[in-house]
Structures are given as C-alpha cells and as structure tokens.
Amino acid sequence: MYRYDEFDAAFVRERTEQFRYQVERRLKGELNEDQFKPFRLMNGLYLQLHAYMLRVAVPYGTLSAPQLKMLAHIARKYDKGYGHITTRQNIQYNWPKLKDVPDILADLATVEMHAIQTSGNCIRNVTADHFAGAAADEIEDPRPVAEIVRQWSSLHPEFAFLPRKFKVAVSGAAHDRAALKFHDLAIEIVKNDEGRIGYRILVGGGMGRTPYIGYAVGDFVEKPDLLAFLEAVLRVYNENGRRDNIYKARIKVLAQSLGQTEMRERVVREFIEIKRAGTLQVPQEERARIEAYFAPPAFEALNDAPLPTEGALGQWVASNVHKHRAPGYAIATLSLKPIGGVPGDISHEQLDGVAQLMDDFGYAEIRTSHEQNLVLPHVKQSDLPAVFARLKALGLATPNAGLITDIICCPGLDYCDLANARSIPIAQKIAERFADLERQHAIGELKIKMSGCINACGHHHTGHIGILGVDKKGVEFYQLQLGGSATEDAAIGEIMGPGFGENEIVYAVERVVDLYVKLRQPGERFLDTYRRLGMEPFKNIAYQEQLHAAH
Amino acid sequence: MAQKLTANRLIDGTVLYWRAGEWTESFAEGEVLASEDAAKAALAAAQDFVARNLVVGTYLFELKGEAPLKEREIIRAFGPSVRPDLGKQAVR
C-alpha cells in the first residue's frame, strides 16, 4: 500500500501542529467559534448531538494492521471504545474531547493517517472499489489513480474553497461496487477498442435532497491527461457552481442545469486550454512509482478448489466470500452488521483482533467498504476455515454480506445533529425480523439502505429498498423507496407514498419482501422483480394491512 | 410552553443545561424556563459564557411536562437510544 514520502509526512505533521496551535488559541479565547469552525472542519472535527465527532480519512478504504491497531488505541484512549465505518469508507469517533484532538491527530500521523479532506467544501477523501486489486472482473487496480487524485487535490490552491463539497470515486472493474454514478465526479477505468486503458469521466451524480445520476463528460481520457481533465471539470464547477444557495451548490445541480452537451463542451474547452498551456501531465514514471505501492502480493501458484458448503462455514462462504483474480485465493467480507447490532460499528477489541489476524496470516492490508463492512482482499482459499474461526471468535463472521440484513445505515438521530429521525433502531428491527439465515438466503440479494434525514448519508436513494426517516410534528416517520441501485444499472428509488410510523415500517418492509418472494420469476433478484412489475403491487401490499393511518 | 436552555462545553463537547446563571451536566437539574421572558433572559445571560469561550451552541428547546418535547432533545439529554451504556444515561 501507499507509503508517505517526505513531503506527505511533513505535510501531515505540519497540519497536526497547526491544528494544535488553533485549538490552543480557541481554548485561550483568541479565536471565537465562528473563526475556529472552518479550521476544525478542515481537520474532520464536527460538533454533533452529544459531543464532538472526529472523522478520520481512510484513503480509498485501504488500511494496514498497524493502522487498525492505532484506530483501536484511539477508540480506547480518547473515545468510548469503538469507531464507526462510514459510507465513504472513513472511520469516525463519536465522543472525542476537543482538548485531545491534537494528540489524536499526532497519534494518527505516526501511522500515516489524518483527518484532512473529511469535511468542508473541498475535494473530499477519494473512495474506491473495496475489491480493488483483487476482483476477478477488474481491468486495473483503481487505487493508484485514487492516490494520484489525492496528491493532486490535497492543498490544491484553486480548489480549496469550492461552492460545496466534492466527492470523487474510482473503479477499475466492470461491476460498479463504488457507486460511481452517485458521485460529484467518478473515474471509471476502461479499455478502448484498441485495447488501450484510459478513463471514462462521469460528473454530476449525487444523493441528498436532489438525487441525480451522473453522466459522462469524457468517454476515453488518456492516462497522462487525467489530471488536466479533472482540473477542467473542477474549473467549470468552481466558476459556474452556485454559491448563493447551499442547496443548489453541488455540481449535480450545475450539471443538470447545463445539460450533458453543454457541460461536455465547457469541460472540453477548459481541457484544451489546460493542454495548450502544456502542464498537468502525469508522467509514466510517476504513475509507475505510485502503482508500485499497490503491487499485489506475490500470489502462490495455486488452483481453485471447491469451497466449503456445509455448516456455518459454508453459510459464511456462500454470502461473504467472493471470487478473486488469482486462482486459489478469495475475497472475504467481514460483516459489521451483526443481527441487532449497530451497522458499521467496530469495537477496539475487534480492531485489534483483526490486526492480529492480519499479522498472523500475513495480510498486508484490509479494506473498508462504503457498505460499512471490512474486506480482506487476498485470502488463500485453504485458509478460509481458519480465518472464519478467528472472525467468529471476534464476532465478525455474520454470514449476511449482500443479504437483507446487511443494511447500510447512517448514525441518524442517535448521534447526528442534522438527523430528523433515528435510523439505527429501525435497521436493527429489520435485521431481527429477517434474522433467519435460510430466509435471508431464500430472499437473495436485497440491499436495504437507510438515512435519518434528506442528506442521504445512508444512501437510501440507491437501496433496492430505501428508507428515509422524517420528522412530522415531532414524531418519527419512515418513507419507503423502491428500485434504487448504486451499481452500473444505477437508479434512484421511487418514493412509495406516505411514511410509516416507527412501529409500522418493519411490517411494511416485510410485506413488500414477502410479495417479491411470491411473485418473482426464477433467477430474479428483488430489483429485477420490482423493475418488471413496478411500484403498484408493492405499494398495495405495503399499505394494505397498515393498522394506523399513514401520515 | 416551558423551555430549557442547552449548550456544549467547549473543551470537551459535553452537553450542558442552564441552571440559575450556571451550567449543569444533568438535564433533570436544568432550570425550567416557564415564560418566554425567562427563556430570553437566560439565553441572553448565557452569551457571557459564549463570549468567555466556555460553551458553544446555546439554544432553547421546548418541554412537554418535565421531558423534552422532541425526540432529538430526549436523545441528547440521555444518550443514544441504541447504546444505553453511553451518554448521560450510562452514569445515572
């Protein structure tokens, strides 16, 4: 994985000391809150419902064992013993004290981590396919590109004060596991008819209160031109994005108002200007230098073997193990969705336990996923039973990856200052309702995603079943959306109708799921059945037996 | 409608409640501000603590009986509903 060079190390060290000084000045009263707030946000520090919250960057979701141990240490020493994996592959702590944050950042810096670009109107921490470097369907590992973008975007003077935050994702595989079409900007690694690898650039996707699916502004950008093209997009946005209305300031609004043709033309005009100036090439030597950091481990010459199918191990393999590019290897998902648990939460003991597992099995890295799980990318198939046993002891072997209880869920009103409704208790109740593993497997792939407010941190717009918590005169209600998808067949879920009460929503979801099981044709996922039949039958059944009037 | 006044302590973020010119960590000990005038006066007095950089984010919220009216303030007063071992509810 990427290792800091002298510049990176000095940059993070200096930022940490700058923030230490800013905190000192704040506590002495030399800065008031209005003056201090931009500084703390630039270092990932929010003030939430109960306390401060520190969001730590996990660039492209890749972590080493020493980094996991440090995250465990921070949870133990400065917080309340746990962290929360976010839908942007980061980890956040819910209870740090302001006075401790400089020390936390200094500790993070010792393992080449920080909290920069996790907040504010900047280019945020870049996310990537969590199966990067391991997926069987991959053209190229997306992480070198993500790292190049990180280096380009950190402290970029022209883009330090964008109209609004700017989220970038990268994928190098045919199957989109990075929700590309719902990012401000997405880089898809593609191969052209001549067999040359380049980039398809999408812009204008997003969720939040006005969800849009991104569209292509560059169909095949040559590798050396990547940053010039991205700079062109950012310039068009920086110049034309709205700064008068926070709700209309994201690039998705600009992309929609201009339309694809005009947006492409503006980007290409900027791109030609930048090219004409002759700057911003990414030389092959520099790309090769960065790619070397992401070289895969030396895979042994193995053959694929039949994977376990029996018992608890077989159940775990069926849902949590995926095909690897190298014969004899597998990708293993560590579910952070135990039935009745808090989606995405991980304790310091678990963080340490996974780090120890990595050391014992010789795994150099692990991934966080936007689905709020962890992923071991390179597991020998012959090691799966032993890895499973270790994960089981850690409480990380819930066999539900991609199933109905693998729910993406934002912190909601239990933690978040912006939330209108609780989301975690609803996710827990749904998971408990569908806890039966046979039933989960019989239902098959079904992605439930839930947010506690319109900001959509829980990606509800892209859930096969999406749930949005709303506040109606002080009472929590939950709207259902059906048919969303974050993958290559991207779709925004359709709102079913009036919301359900806290005690109704789980029943409504169950009626919808049961109807799908009844009506599906062989091989159909929930999403396929929904697309074939439309909303009406699901809406009818969802409201049919509702005991209380919907609001 | 009766209200209480809340803020976060600057140095550690702890949720605080106004009580007769001072702050307490306990929701139950927070002063019930029965009238709009009393609420406005407390909010104005609290600005001295903001100016002295002791608290941030002062605001008033409504009560229903002795409890907060809104779920948000109930959770803020006691802790995450999904983690009874955390927040103020954990030390009661």
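Residues numbered from 1 in each chain as written. Chains lettered and ligands numbered in written order. Predicted model: local features only at pLDDT ≥ 70, side-chain atom pairs only at ≥ 80, totals over all residues. Heavy atoms only, no water.

1. Focus: the sheet that holds strand S8 (residues 185-191) of chain A
Test applied: Note: two strands are recorded as paired if DSSP finds a minimum of 2 bridges between them. A run of H or I in DSSP counts as a helix once it spans at least four residues, and a run of E counts as a strand once it spans at least two, with each numbered from the N terminus.
The sheet built from five strands is open, its strands ordered S6-S7-S8-S9-S10 (chain A) with mixed pairing. Either end of the sheet is taken by a strand with one partner, and the two such strands are strand S6 (127-128) and strand S10 (215-221) of chain A.

2. Notes on the packing of aromatic side chains
To keep things clear, this is the line we draw: Within 6.5 Å between ring centres, the rings of Phe, Tyr and Trp (the latter by its six-membered ring) count as paired, and their orientation is classed by plane angle as stacked under 30 degrees, edge-to-face over 60, tilted in between. Exposed residues in this analysis have more than 50% of their type's maximum accessible area, buried residues have under 20%, and partly exposed residues fall in between, with area computed by a 1.4 Å probe over protein chains only. Geometrically, a lysine NZ or arginine CZ counts as sitting over a ring once it is within 6 Å of the ring centre and also within 35 degrees of the ring normal.
Enumeration over the complete set of coordinates arrives at 22 aromatic pairs over all chains. On the numbers, 5.9 Å between centres and 90° between planes, the contact of B:Trp23 with B:Phe49 is edge-to-face. One end of the pair, B:Trp23, is in strand S3 (residues 22-24); the other, B:Phe49, is in helix H1 (residues 36-51), and 26 residues separate them in sequence. Residues B:Trp23 and B:Phe49 agree in their burial class; the two are buried. Taken together, A:Tyr516, A:Phe526, A:Tyr530 and A:Phe538 form an aromatic cluster joined through their ring pairs. Here the guanidinium or amino end of A:Arg209 rests over the ring plane of A:Tyr247, the centre of that ring lying 4.1 Å away. Over the ring of B:Phe27 we find B:Lys4; its NZ or CZ atom is 3.9 Å from the centre of that ring.

3. Concerning the interface of chain B and chain A
In plain terms, the rule: Residues count as neighbours in contact if any of their non-hydrogen atoms are within 4.5 Å of one another. Two parts placed together each lose some accessible area under a 1.4 Å probe, and adding up what both lose gives the buried area. Criterion for a salt bridge: a side-chain nitrogen of Lys or Arg within 4 Å of a carboxyl oxygen of Asp or Glu. What qualifies as a polar contact is a pair of N or O atoms within 3.5 Å, subject to a donor-acceptor requirement within protein and to the restriction that residues adjacent in sequence count only when both atoms come from side chains.
Taken together, the contact between chain B and chain A spans 21 residues of the former and 29 residues of the latter. When chain B packs against chain A, close to 2100 Å² is buried across both sides, 61% of that on carbon and sulfur atoms. Of all residues in chain B, B:Leu10, B:Arg72 and B:Val82 give up the largest surface area on contact with chain A, accounting jointly for 25% of the area buried on that side. A salt bridge links B:Arg72 to A:Asp417; its shortest N-O distance comes to 2.1 Å. Along the contact surface separating chain B from chain A lie seven residue pairs in polar contact (both at pLDDT 80 or more). Sorting the residues of the side of chain B that touches chain A by element identifies strand S1 (3-9) and helix H2 (71-78) of chain B as the ones contributing at least two each.

4. Some points on empty space enclosed by the protein
Unfilled space is identified by rolling a water-sized probe across the atoms. Residues and elements named next belong to chain A. The condition is simple: Both site types are read off a 1 Å grid over the protein atoms alone. A 1.4 Å probe that fits but cannot get out defines a cavity, while an open set with protein on both sides within 12 Å along at least five of seven lines defines a pocket; lining residues have an atom within 4 Å of a point. Grid points are joined across faces, edges and corners, and a volume is the space filled by probe spheres set on the points. Note that the domain bounds reflect an automated or database-derived domain assignment.
Taken as a whole and assessed by the stated rule, the structure comprises six cavities of 30 Å³ or more. Its boundaries defined by the atoms lining it, the largest cavity holds a volume of some 70 Å³. Around the largest cavity, the lining residues are Lys337, Pro338, Gly340, Gly341, Val342, Pro343, Thr405, Ile407, Ala427, Gln428 and Ala431. Each of domain 3 (311-394) and domain 4 (408-544) accounts for three or more of the residues forming the lining of the largest cavity.

5. Remarks on the domain arrangement of chain A
A common measure of how large an interface is: the accessible area buried when the components associate. Residue and element names in this part refer to chain A. For clarity, the cut-off: Think of it as three bins: nonpolar holds Ala, Val, Leu, Ile, Met, Phe, Trp, Tyr, Cys and Pro, charged holds Asp, Glu, Lys and Arg, and polar takes everything else, Gly as well.
As assigned here, chain A comprises domain 1 (6-109), domain 2 (142-291), domain 3 (311-394) and domain 4 (408-544). The partner domain 4 presents 13 residues to the 12 residues of domain 3 that form the contact. Here domain 3 and domain 4 share an interface that buries about 1000 Å² over both sides, 62% of which is from carbon and sulfur atoms. Linking domain 3 with domain 4 are one salt bridge, by the criterion used here. Ionic pairing is found between Glu371 and Lys447, a salt bridge with its closest N-O pair at 3.0 Å. For the interface between domain 3 and domain 4, the tally reads four residue pairs in polar contact (both at pLDDT 80 or more). Of the residues contributing to the side of domain 3 that touches domain 4, the split by class is four nonpolar, six polar and two charged.

6. Some points on the sheet that holds strand S3 (residues 62-63) of chain A
Residues and elements named next belong to chain A. The sheet built from five strands is open, its strands ordered S3-S14-S15-S12-S11 with antiparallel pairing. In the strand order of this sheet, the two ends are held by S3 and strand S11 (321-323), each with one partner. As defined by bridge partners, strand S12 (residues 329-334) adjoins strand S15 (residues 374-380) across five bridges and the pair is classed as antiparallel. In the sheet register, Leu334 faces S15, and the bridge partner there is Leu374.

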